[in-house]
Amino acid sequence: GVVHQHDSVAHGPWYGSLSDRLLARLTARAIAASESVRRFCIEGRAVPDERVVVWPSATRVWSRPVAGPGCDALRAQLGIPEGDQIVGTVTRLATGGGHRILIAAAHRILSLRPKTTFLIVGDGAERWALEMAAERWEVSGRIRFLGMRENPEELLGLLDCLVVPAVNDAVPVIALEAMAAGVPV
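These figures come from a predicted structure and were not determined experimentally. Positions within a chain are numbered from 1, following the residues in the order the chain's sequence is written. For a predicted model such as this one, the threshold for reporting local features is a pLDDT of at least 70, and the threshold for listing and counting side-chain atom pairs is 80 or more; totals across whole chains, interfaces and linings nevertheless cover every residue. With hydrogens and water excluded, all non-hydrogen atoms of the structure serve as input to the side-chain values.

J.: Lay out the environment of Arg100 in plain terms, naming residues and giving numbers.
T.: Numbered from the N terminus, helices here are DSSP runs of H or I no shorter than four residues, and strands are runs of E no shorter than two. Take Arg100: it is sitting in helix 4 (residues 99–112). The spacing of Arg100 and Pro165 is 65 residues in sequence and 8.7 Å in space, taken between C-alpha atoms. In what follows, residue pairs with any heavy atoms lying within 4.5 Å of each other are defined as contacts. Not counting residues within four places of it along the chain, the set of residues in contact with Arg100 comprises Glu126, Ala129, Leu130, Ala133 and Arg136.

J.: Report on helix 5 (residues 127–136), specifying residues and quantitative values.
T.: Residue exposure (1.4 Å probe, protein chains only): buried if accessible area is under 20% of the type maximum, exposed if over 50%, otherwise partly exposed. Taken as a whole, helix 5 has its buried residues at Ala129, Leu130, Ala133 and Ala134. Buried residues of helix 5, viewed axially, fall in a sector of 145°; they line one side. Along its buried surface, helix 5 packs onto helix 4 and strand 6 (143–147). Two residues or fewer after helix 5 comes Glu138, characterised by a positive phi angle close to 60°. The arc in question is traced by the directions running from the helix axis to the C-beta atoms.

J.: Outline the packing of helix 4 against helix 5, supporting the account with residue identities and numerical values.
T.: Note on geometry: axes are lines fitted to C-alpha atoms, helical ones only across the stretch in contact, with angles between N-to-C directions running from 0 to 180 degrees. Across the interface, helix 4 lies against helix 5 with an axial gap of 10 Å and an inter-helix angle of 20°. Regarding the angle of helix 4 to helix 5, the classification is roughly parallel. Our pair here, helix 4 against helix 5, has a crossing hand that is right-handed. Judged by residue contacts, His99, Arg100 and Ile103 of helix 4 engage Ala129, Leu130, Ala133, Ala134 and Arg136 from helix 5. Residue classes in the contact of helix 4 with helix 5 are distributed as five nonpolar, one polar and two charged. Comment on the angle field: the value is read as roughly parallel under 35 degrees, roughly antiparallel over 145, roughly perpendicular from 65 to 115, and oblique elsewhere. Crossing handedness: left-handed means the near helix sits turned counterclockwise from the far one by under a right angle, and right-handed means the same turn made clockwise. Amino acids outside the nonpolar list (Ala, Val, Leu, Ile, Met, Phe, Trp, Tyr, Cys, Pro) and the charged list (Asp, Glu, Lys, Arg) are all regarded as polar, and Gly is one of them.

J.: Any details on the sheet that holds strand 7 (residues 161–162)? Residues and values, ideally.
T.: A pair of strands is labelled paired if DSSP reports no fewer than 2 bridges between them. Taking strand neighbours across the sheet as the criterion, the four strands line up as 6-5-4-7 in an open arrangement whose pairing is parallel. Either end of the sheet is taken by a strand with one partner, and the two such strands are strand 6 and strand 7. In the sheet, strand 4 (residues 85–90) pairs with strand 5 (residues 116–121) via six bridges, with the strands oriented parallel. What sits directly across from Gly88, in strand 5, is Leu119. Here helix 4 sits on the sheet in contact with strand 4, strand 5 and strand 6, set at roughly 165° to strand 5.

Laid out in structure tokens, this is it:
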């Protein structure tokens, strides 16, 4: 079998790690996205060292749309006030993702720069809890939870900054993609 590991966090129930350990000796090759993930495959999943290779994530290169009619229309569609700075993230809304830290930071940022809109692109089991956290921090009116998007790259032209609240992601691919498109991260 082949294992492909993106991060260094054990996901799932207890029996998942048990099956990982039992199947490790049958693993022909484990492909890790970074050196830290490689170490996790060896230490956390018990895959023999010689069977683990690092294969860095491929990065799409998107050209960043310049401000113009397309960006203005998208900005209006999303209800972003004219003149607002836009901070965004593209992520899976899962437990342990650091999204609550972003929401708390949004509260602080808005106290210093009230003309800021936050875009959270992505979905997952934590979305409702994060929306409630935004309510508690009193920033829900300035955060747009956009859900899954067919083409998240179309939002890059709007962003003044991409935030990656990843706590456990070894190689946040969206950060690489945004930097390749010229978006500050």
